[in-house]
Amino acid sequence: MKAVIFNSGLGKRMGEYTKCGHKSMVRLLSGEAIFERQLRMLSECGITEFVITVGPFKEQLIEASRAPHLSHCNFTFVENPVYDTTNYIYSMYLARDYIDDDVIMLHGDLVFDRELLKAVLSDPQPNIATVNRKRALPEKDFKARVKDGRIQEVSISIFDPDCFAFQPMYKLDKATISAWLARVCDFVDAGNCGVYAENAMNEIFPSLDVREFSYENYFIDEIDCPEDLARVSSEIRRFDFRQQNIICGDVCGNVKNIMEKHKAVRPLVVCDAAFDKLPIAKSFADAVPNAVYFSDFSPNPLYDDAVKGVELMRKEGCDFIISVGGGSAIDTAKVIKLFSADEVCENYLENAHKFNPTVHLAIPTTAGTGSESTRYAVIYYKGEKQSVTSDSILPEYALLDPTLLKTLPLGQKKATLLDALCQAIESMWSVNSDDESAEYAAKAIELIADNYKAYIDGEEAAAQKISRAANIAGKAINITQTTAAHAMSYKITSLFGIPHGAAVALCLPHVWRLITENMDRCNDKRGASHLERVFKRLSELVGGVEGFQKIYSSLDMPSAPDCTADQLRVLVSSVNPTRLGNNPVTPTAEELEKMYRQIFSIS
Ligand code: NAD
């Protein structure tokens, strides 16, 4: 099957965006251009032959097709020299000799989710196009007239009861696309080059069998103007988050398969000293023979650690990233991926980062941070915590294997468990929460409350549940971000070396009480009644703050160390105001000091 993409349009309605760039090279929030995204997804679905019609800024599109991860694909670019005076019917006409197979055919300004593409390609019907009966009819864009599931007509000017929203993504067999091309030739030969290619198809649609493919549960939309760009960018990211590949089970077999799928041969494996203790340590080397290992980073990794990883990745020409470890290894790998797409520079943190198509497979060995499913990475620069946030650092794959938790020392096990629990609780009360995040968070809390004892006692079935809980707590904070308890914890970790999860758990009950005692200061737009519902739910799930403290006490965590007056001042001044903004009640400096005094038992 070939992919045919029409990219010869001018994109006049995009304004400033298309003055010096192609419409399809406009970047989504992830930093990836629409066209780059289409190529990546199509090639991941096994398409290797591409026919692309081009007009303005054709060199930008040709350049995008030369990305290393597409080196196994063949591209035929068909230039329409009169793109400014013809419609895409003429580009299709020019490309007719290359469209000689079954096709997946689409317009270059379409953004869609991966599952939609997979569903269209695997649909048993040979001829389909995307229709949505639930969506309001667009005024200017395509509608399809559908009779008994068969498309009869596609036009911008039909509004009858049997007409539905339509997006120009077609899967057609060779006979059907040939019939369409024959009509296109008739139109062009008659000098009719200013209409849509669909006008030609409309003459034969009723005699063909092109079925509607419903995209009600998927996302597909075109980007025509800057408003579309903003809307589509923010809508598609939620599909991308949801559709992250989460795999449970055997590490080595899955790693091999995934690398093969992506035609990767030289992965950078980011792992720390714990790697050698893991049950997979020996078999991993056999499964991934050509790996380059990077372990030159510390727990709570530093900016300089990541830069060393970037240099190694470039020097060794790595084409894939695997992180095996806790949040420190996974975050280091995320930052390496982000920085390694940038030009070499003095300070990568100051860059507006490019999208990096290198695939990252994250394999957590602590059940805590959920970093394998978040768009954040925490690193320390000159002693200060930096939260690097980018949609493009969400790992493409998360591989959960609870047997990797067997070697985790008990102290780490408890601390990371608490991290997962605190993340889920904070996500519930975050001002950014929504139904989806609340569902993830509630499930995570439930799984932890039901299984933490057995997990700490070493039961394998419980480890699987906790590993899932930590992952979905990560999915929850990926939407909501964390709140005041996390914000207060970072300096505790860097000043006293207290593990991340344990530090957060020290803060959480104090933040909990601050909120429940000051509901009248609620800064969540949904109001105090929403917060009351959240805390009622938290009572059901974990038994309220007392229930949380019961879990904490049962874990027999070390007590808080002594804290000097100077350290107290540092703690209070270190708290990131942005994170505090996610808290439904924003603590004042006095309240922060009071909470730290309670945590460290300072009178
Ligand atoms: P970690 O990765 O720092 O690991 C802690 C220790 O446990 C290390 O010494 C490590 O070698 C060891 N270890 C890990 N897995 C092991 C195993 N299976 N067997 C034996 N030893 C093992 O700890 P963590 O709590 O997973 O991660 C903490 C880091 O994650 C912090 O930097 C924190 O800021 C960050 N974090 C990131 C996110 C995110 O969304 N990116 C979320 C929360 C926390």
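Residues numbered from 1 in each chain as written. Predicted model: local features only at pLDDT ≥ 70, side-chain atom pairs only at ≥ 80, totals over all residues. Heavy atoms only, no water.

A.B. asks: So, the overall build of the protein chain: which residues are in play, and what are the values?
C.D. replies: The helix and strand tally for the protein chain stands at 21 helices and 19 strands. Against the compact-globule benchmark of 25 Å for 603 residues, the protein chain has a radius of gyration of 27 Å, which places it among compact chains. Seen along its three principal axes, the alpha-carbon backbone of the protein chain occupies a region of about 90 × 55 × 45 Å. Split into buried and exposed, the 603 residues of the protein chain put 59% on the buried side. Summarising the internal contacts of the protein chain: among those between residues at least 6 apart in sequence, 76% fall at separations of at least 24. When the accessible surface of the protein chain is split by element, carbon and sulfur atoms take 49% of a total near 24,700 Å². With 65 positive and 82 negative side-chain charges, the protein chain shows a spacing of 2 Å between the two charge centroids. (Helix = DSSP H or I, 4+ residues; strand = E, 2+ residues; numbered from the N terminus. Rg over C-alpha atoms; globule rule 2.2 N^0.38 Å. Buried < 20%, exposed > 50% of the residue type's maximum accessible area, 1.4 Å probe, protein only. Contact = heavy atoms within 4.5 Å. Areas by Shrake-Rupley, 256 points an atom, 1.4 Å probe, with all protein chains shown as cover. Lys, Arg positive; Asp, Glu negative; His and termini not counted. Charge placed at Lys NZ, Arg CZ, Asp CG, Glu CD.)

A.B. asks: Describe the packing of aromatic side chains, listing the residues and the values that go with them.
C.D. replies: Evaluation of the coordinates by the stated rule reveals 20 aromatic pairs. Here the aromatic rings of Trp429 and Trp512 are separated by 5.7 Å at their centres, their planes lie at 80°, and the arrangement is edge-to-face. With a gap of 83 residues between them, Trp429 in helix α12 (residues 410-429) and Trp512 in helix α16 (residues 500-517) connect regions that are remote in the sequence. Judged by relative accessible area, Trp429 falls into the buried class, the value being 0%. By relative accessible area, Trp512 is classed as buried at 3%. Through successive ring pairs, a cluster of aromatic residues spans Phe142, Phe166, Tyr170, Trp180 and Tyr196. (Phe/Tyr/Trp six-rings, centres within 6.5 Å; stacked < 30°, edge-to-face > 60°.)

A.B. asks: So what's going on with the state of the cysteines? Residues and values would help.
C.D. replies: Tallied over the entire structure, the rule returns zero disulfides. Unpaired in terms of disulfides, Cys193 finds its nearest cysteine sulfur in Cys185, a separation of 11 Å. Accessibility expressed as a relative area gives 16% for Cys193, which makes it buried. No disulfide involves Cys507; its sulfur sits 8.7 Å from the nearest other cysteine sulfur, which is in Cys422. Classification of Cys507 as buried rests on a relative accessible area of 0%. (Disulfide = S-S within 2.5 Å.)

A.B. asks: With reference to specific residues and values, describe helix α1 (residues 34-44).
C.D. replies: Where burial is concerned, most of α1 is hidden: 10 out of the 11 residues are buried. Among the residues of α1, those classed as buried are Ile34, Phe35, Arg37, Gln38, Leu39, Arg40, Met41, Leu42, Ser43 and Glu44.

A.B. asks: Any chance you could break down the environment of Gly543 for me, citing the residues and the numbers?
C.D. replies: Along the chain, Gly543 turns up in the loop between α17 (527-542) and α18 (544-554). Taking relative accessible area as the criterion, Gly543 reaches 37% and is therefore assigned partly exposed.

A.B. asks: So what's going on with the site of the ligand? Which residues, and what values?
C.D. replies: Of all residues adjacent to the ligand, which total 29 residues, the nearest are Gly327, Ser328, Thr365, Thr366 and Thr374. A distance of 2.7 Å separates a nitrogen atom of the ligand from a polar atom in the side chain of Thr365. Protein contact buries 91% of the 870 Å² of open area that the ligand shows by itself. Listing elements by their share of the shell around the ligand, those giving two or more residues are α11 (327-340), β17 (376-381) and α12. Its residues assigned to classes, the shell around the ligand comprises 11 nonpolar, 14 polar and four charged. Viewed by domain, the shell around the ligand spans two of them, domain 2 (244-408) and domain 3 (411-603), each represented by three or more residues. (Near = heavy atom within 4 Å. Polar contact = N/O pair within 3.5 Å; in protein donor to acceptor, adjacent residues only side chain to side chain. Nonpolar A, V, L, I, M, F, W, Y, C, P; charged D, E, K, R; others polar. Domains from an automatic or database assignment.)

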